[in-house]
Amino acid sequence: MSQQSETWTVRDVLNWTSQKFAGLELPTPLLDAQLLIGSVLSLSKVQIYTQLDRPLIESERSLLRELVRRRLSGEPVAYLLSQKSWHDLDLFVDNRVLVPRPETETLLDVVLAICRHENRQPKKILDLCSGSGCLAIALARAYPEAQVVAVDISSEALEIAQINCERNSVTNIQLHKADVLLPETYADGLLSGPFDIIVSNPPYVSESEWLGCDVSVRCFEPKLALVGGEQGWLMPRLLLTQLSSSGLLAQAGVLGFELGISHPEVLSRELTSQLTIPFSEPMQAVACQRPVWEFPRNQWFAVKDYTQRSRFLFAVKDQL
Ligand SMILES: C[S@@+](CC[C@H](N)C(=O)[O-])C[C@H]1O[C@@H](n2cnc3c(N)ncnc32)[C@H](O)[C@@H]1O
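Residues numbered from 1 in each chain as written. Predicted model: local features only at pLDDT ≥ 70, side-chain atom pairs only at ≥ 80, totals over all residues. Heavy atoms only, no water.

(A) Representation of the packing of aromatic side chains in the model. The tally for this structure, following the rule as stated, stands at 5 aromatic pairs. Taken together, the aromatic side chains of F257, F279 and W300 make up a single cluster linked through ring pairs. The ring of F195 has K124 sitting right over it, with the charged end atom 5.9 Å from the ring centre. Lying across the ring of W210, K223 places its NZ or CZ 4.4 Å from the centre. (Phe/Tyr/Trp six-rings, centres within 6.5 Å; stacked < 30°, edge-to-face > 60°. Lys NZ or Arg CZ within 6 Å of the ring centre and 35° of its normal.)

Shown next as C-alpha cells:
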C-alpha cells in the first residue's frame, strides 16, 4: 500500500493485505485482512463486501498500514484489535494474557452439556489459571446464581479479567491472585469450597515445544501462560496433585482440564493411584461429540478435541 495519494478502495486494500499476509504464510490471511480493515473502517465483514468501491482517506490508510506492519511482524490480530470473540463473550485482550483458544470452548461446552443434561445447578465454581477470565466469565453468565472464583498468579492477567467481568456485565466472580501449585493456596481459606465445578486450562507446553512455537506465540504471548515445565505435563501434574488433596471438589462435582495432546494418558500413568478419584482403566478417550450420558462416571477419563486428539481430562461425580 503505497503512501502516495493515488486512490485505494476497500477492494484494493483487501486484495493487497490478504496477498501480503498469504505471502508470509500467515494461517488465515483473508480473515486477518477482513478483521483489520473492518476495525479501521468500522465495517462488519458483510459491509466490507457491500462497500468494495469505497475509497479510503489518508488517515484510514495510515492506520491500516501500521496494523498491517505489526501483523507482518507476527503480532496476533486479537492484540492488534484488543479484542477476541470467544464462545458467547466479547473479551478485551492484550499481551498480558493468552489469547483464548477455540479448543478451550470445547472444555466449556462439555461442562455445560453435562450440567444441562443432568439439570445440575452449580452453586460454587472454581477456575484455576483464569487468564483473560474467559472460562470463569462464561460460567458466571451461564449460572448467575453461582459464586465463581477465578485464580491466577499474574496480577496483569487479573487486571484484564476484571476488565472482562465489567465488559460482560458479570458480578458473581471473585478474582484471586495465588499460585495454584502451593499448598497454602488451598489451605488458608482463600478458596472456600466445596466447588460443584472446577475447570482449568493451565500452562502445558514444554520448553522445547515453546521454542518451536510460531513467532506470534513465542514473541507476543506471555510465556508464563504457556510453559508448564521441561515436560509440558509437569505443571498440570502438580496442580492435579494439590487439587486432589485439597478436598475442594464437591461430592457431586464436575472437573474439566485442558491439557496438551495425549497428556491425559501421560498423567494417568504418572499419577496412578495418587488421586482421590481413580483413572479409568484402561484410560478411555471419548469423542467430545459423544452424548454426555455415555461419559464415564466417578473416574478420570480423557476427551478428544474436534481433531480427535486426546486433549481434556474430565471427572464427573454422580449426583447424590
Ligand atoms: C494457558 S493460560 C489460560 C488462560 C485462560 N484460562 C484461557 O483458557 O485462555 C494459563 C494461565 O495460568 C496462569 N498461571 C501460570 N502459572 C500459574 C500458577 N502457578 N498459579 C496460578 N496461575 C498460573 C498464567 O498467568 C495464565 O494466565
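There's plenty left to go through after this.
(B) Examining the sheet that holds strand β6 (residues 195–200) more closely. Within the open sheet, the 8 strands sit side by side as β5-β4-β3-β6-β9-β12-β11-β10. Their pairing is mixed. Edge positions in the open sheet fall to β5 (173–177) and β10 (285–287), since each of these has one partner strand only. On average, each strand axis in the sheet is tilted by 20° relative to the strand beside it, whichever way the strands run. One ladder, built from 5 bridges, connects β6 with strand β9 (residues 249–258); its direction is parallel. Directly across from V199, in β9, lies its bridge partner G256. Most of the contacts of helix α6 (residues 102–117) go to strand β12 (residues 310–316), to which it runs at about 25°, and overall it touches β6, β9 and β12. Against the sheet, helix α8 (residues 155–167) engages β4 (147–152) and β5, with an angle of about 170° to β5. (Pairing = 2+ DSSP bridges. Helix = DSSP H or I, 4+ residues; strand = E, 2+ residues; numbered from the N terminus. Axes fitted to C-alpha atoms, helices over the stretch in contact; angles between N-to-C directions. Contact = heavy atoms within 4.5 Å.)

(C) A look at the side chain of S200. Looking at the secondary structure, you find S200 in strand β6. A polar contact is formed between the side chain of S200 and the backbone oxygen of L128, at a distance of 2.8 Å. Excluding its chain neighbours within four sequence positions, the residues that come into contact with S200 are L107, D127, L128, C129, L239, G256, F257 and E258. (Polar contact = N/O pair within 3.5 Å; in protein donor to acceptor, adjacent residues only side chain to side chain.)

(D) The layout of surface pockets, seen in detail. Reported here for the second largest pocket is a volume of approximately 200 Å³. As for the second largest pocket, its lining consists of 15 residues, and the residues nearest its centre are L243, S244, L249, T276 and I277. In terms of residue count, the dominant contributor to the lining of the second largest pocket is β9 (4 residues). Tallied by class, the residues present in the lining of the second largest pocket amount to 10 nonpolar, 4 polar and 1 charged. (1 Å grid on protein atoms, 1.4 Å probe; cavity = no way out; pocket = protein on both sides within 12 Å on 5 of 7 lines; lining within 4 Å. Points joined across faces, edges and corners; volume = space filled by probe spheres on them. Nonpolar A, V, L, I, M, F, W, Y, C, P; charged D, E, K, R; others polar.)

(E) Structural detail: the pattern of salt bridges. Counting across every chain of the model gives 21 salt bridges. For R69, the salt bridge is made with E66, and the minimal N-O distance between the two is 2.7 Å. Taken as a pair, R69 and E66 lie in helix α4 (residues 58–72) at a separation of 3 residues, close to a single helical turn. Note on R69: relative accessible area 48%, which makes it partly exposed. The salt bridge partner of R237 is E270, with a shortest N-O separation of 2.5 Å. One end of the pair, R237, is in helix α13 (residues 234–246); the other, E270, is in helix α14 (residues 263–270), with 33 residues separating them in the sequence. (Salt bridge = Lys/Arg side-chain N within 4 Å of Asp/Glu carboxyl O. Buried < 20%, exposed > 50% of the residue type's maximum accessible area, 1.4 Å probe, protein only.)

(F) View of the nonpolar core. Counting 37 residues, the largest nonpolar core has W86, I114, L139, Y143, I173, I197 and F314 as its most contacted members. Mapped by element, the contributors of at least two residues to this core are β2 (89–91), α6, α7 (134–142), β4, β6, β11 (300–304) and β12. If near-sequence neighbours (up to four positions away) are discounted, F314 is found in contact with L107, V110, V111, I114, L255, G256, Q299, W300, F301 and V303. Counting 31 residues, the second largest nonpolar core, distinct from the first, contains F195, W233, L275 and A315. (Core = buried A, V, L, I, M, F, W, Y, C linked by side-chain atoms within 4.5 Å.)

(G) Highlighting unusual backbone geometry. The amide bond that connects G193 to the next residue, P194, takes the cis arrangement and shows omega of -5°. Along the chain, the position of P194 falls in the loop between α9 (183–187) and β6. The backbone of E25 shows a phi angle near 60°, a positive value even though the residue is not glycine. On the basis of relative accessibility, which here comes to 69%, the residue E25 falls in the exposed class. Non-glycine residue Q308 carries a positive phi angle of around 70°. By secondary structure assignment, the location of Q308 is in the loop between β11 and β12. The exposure class of Q308 is partly exposed, given its relative accessible area of 41%.

(H) Quick look at the pairing of β9. The buried fraction of β9 amounts to 7 of the 10 residues, a majority that puts the element mostly inside the structure. Relative to β12, β9 runs antiparallel, the two being bridged by 5 bridges. Paired with V254 across the bridge in β12 is V316.

(I) Layout of the domain arrangement of the protein. Domains assigned within the protein are domain 1 (10–73) and domain 2 (84–316). Between the C-alpha centres of domain 1 and domain 2 the distance comes to 35 Å. (Domains from an automatic or database assignment.)

(J) Structural detail: the site of the ligand. Among the 19 residues in the neighbourhood of the ligand, the closest are listed as D152, D179, V180, N201 and A225. In the model, a nitrogen atom of the ligand is placed 3.4 Å from a nitrogen or oxygen of the S130 main chain. One of the side-chain nitrogen or oxygen atoms of N201 is found 2.8 Å away from an oxygen atom of the ligand. The protein chains hide 96% of the 600 Å² of surface that the ligand would expose on its own. Of the residues that constitute the shell around the ligand, the class distribution is 12 nonpolar, 5 polar and 2 charged. (Near = heavy atom within 4 Å. Areas by Shrake-Rupley, 256 points an atom, 1.4 Å probe, with all protein chains shown as cover.)

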